[in-house]
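Understanding the architecture of this molecule
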Amino acid sequence: MPHHAAPLAEQIAADFYGNGLKLPDTELAKGAPRKWDDMPEVKAVARVRESGASDRAVRLFLTFVAAMSRSREFTPLLCAALKRFGERPDLYEPAAVARLSEDELTDLLSGVTRKHTSDSNAWYRIACSLNDGGALASAIDTGYGDAVHLLQDLGSKDGQADRFPLLREPRSVRCWWVGWRCRAVLA
């Protein structure tokens, strides 16, 4: 890690683990969580972990949920995703998703997806891309990744199609990084 980035990384980690979430005192921030532990993503991770899920399963859960977060209230999405995770944790496992038909996946993701066909297609493409490997798949498997390589992988294409549709949208990236607690190494 470059010398100038180390103090910043230490401060972010200290704030995160010390519940130092500081938000401006504005109308927009009213009602927002005041501690990291009160953030919906962090609460969802706790529930997924309570179910006995591995760290990898938590990272997969948050990756798929982040993709579905566009133009949508995040807390209801998390509730629907947690319910579906409790019923069908295999829907968050790339190899299992790749074995499903498009219609079956669309039906199974009802409630989690908003634009059912396009969202379930994105879910399927993400699963297949994770099966193919790359920086994102490696980071999900190990919990470590290089931020530059992760962003490059997020922007990669398979022919004309995005490998990770919906995960490049700013809102998706924010909720994914905050919730995932990714240990990205700045290059």
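Residues numbered from 1 in each chain as written. Predicted model: local features only at pLDDT ≥ 70, side-chain atom pairs only at ≥ 80, totals over all residues. Heavy atoms only, no water.

Considerations on the confidence of the model for the protein chain
Looking at the protein chain as a whole, its pLDDT mean stands at 79, while 70% of the residues score no less than 70. Considering only residues more than four positions removed or in separate chains, one finds that residues 178-187, a stretch of pLDDT under 50, has 32 contacts. (pLDDT = per-residue confidence, 0-100. Contact = heavy atoms within 4.5 Å.)

Topic: the packing of aromatic side chains
To describe a pair of aromatic rings, you give the distance between the ring centres and the angle between the ring planes. Counted by the stated rule, this structure contains six aromatic pairs. Counting every residue linked through ring pairs, the aromatic cluster contains F61, F64, F85, Y92 and W123. (Phe/Tyr/Trp six-rings, centres within 6.5 Å; stacked < 30°, edge-to-face > 60°.)

Brief notes about the packing of helix α3 (residues 55-67) against helix α7 (residues 116-131)
To characterise two packed helices, one gives the angle between the axes of the helices and the distance between these axes. Interhelical geometry of α3 versus α7 gives an angle of 140° and a closest axis separation of 10 Å. When the axes of α3 and α7 are compared, the crossing they make is right-handed. Along the contact surface, α3 presents L60, F64 and A67, while α7 presents W123, I126, A127 and L130. Taken together, the residues of the contact of α3 with α7 break down into seven nonpolar, no polar and no charged. (Axes fitted to C-alpha atoms, helices over the stretch in contact; angles between N-to-C directions. Helix = DSSP H or I, 4+ residues; strand = E, 2+ residues; numbered from the N terminus. Left-handed = near helix turned anticlockwise from the far one by under 90°. Nonpolar A, V, L, I, M, F, W, Y, C, P; charged D, E, K, R; others polar.)

Structural notes on α7
In a regular helix each residue adds 1.5 Å, so 16 residues correspond to 22 Å; α7 covers 22 Å between its end C-alpha atoms and thus fits that length. Listed as buried for α7 are D119, S120, A122, W123, I126, A127, S129 and L130. On the buried face of α7, the contacting elements are α3, α5 (94-98), α6 (102-108) and α8 (135-142). The positive-phi residue at the C-terminal boundary of α7 is G133, with phi of around 90°. (Expected span 1.5 Å × (residues − 1). Buried < 20%, exposed > 50% of the residue type's maximum accessible area, 1.4 Å probe, protein only.)

As for the pattern of salt bridges
Close approach of charged atoms allows side chains of opposite charge to pair. By the definition in use, this model includes eight salt bridges. Here K83 ties to E87 by a salt bridge, and the two come within 3.7 Å at their closest N and O atoms. Of this pair, K83 and E87 both sit in helix α4 (residues 74-87), four residues apart, which is roughly one turn of the helix. Here K157 makes a salt bridge to D162, at a shortest N to O gap of 2.6 Å. Exposure remark for D162: the relative accessible area of 32% places this residue in the partly exposed category. Linked by salt bridges that have partners in common, R56, E93 and D141 make up one network. (Salt bridge = Lys/Arg side-chain N within 4 Å of Asp/Glu carboxyl O.)

A word on the packing of α8 against helix α9 (residues 147-154)
Across the interface, α8 lies against α9 with an axial gap of 8 Å and an inter-helix angle of 125°. Classified by the angle between their axes, α8 and α9 sit oblique to one another. Of the residues in α9, those touching α8 at A135, L136, A137 and A139 are H149, L150, D153 and L154. The residue inventory of the contact of α8 with α9, partitioned by class, reads six nonpolar, one polar and one charged. (Parallel < 35°, antiparallel > 145°, perpendicular 65-115°, else oblique.)

Things to note about α9
Listed in full, the buried residues belonging to α9 are A147, L150, D153 and L154. In a view along the axis of α9, the buried residues occupy a sector of 125°, so they form one face of it. Regarding α9, its N-cap is D146, as a side-chain oxygen of that residue lies 2.8 Å from the backbone nitrogen of V148 further along. (Arc of directions from axis to C-beta. Polar contact = N/O pair within 3.5 Å; in protein donor to acceptor, adjacent residues only side chain to side chain.)

Describing the nonpolar core
Counting 42 residues, the largest nonpolar core has F61, Y92, W123 and L130 as the members making the most contacts within it. Counting only elements with at least two residues in this core, the list comes to α2 (40-50), α3, α4, α6, α7, α8 and α9. Examining the composition of this core, we find that nine residues originate from one element, α3, more than from any other. The contacts of L130, once residues within four sequence positions are left out, are L60, F64, P94, L136, A137, I140 and F164. (Core = buried A, V, L, I, M, F, W, Y, C linked by side-chain atoms within 4.5 Å.)

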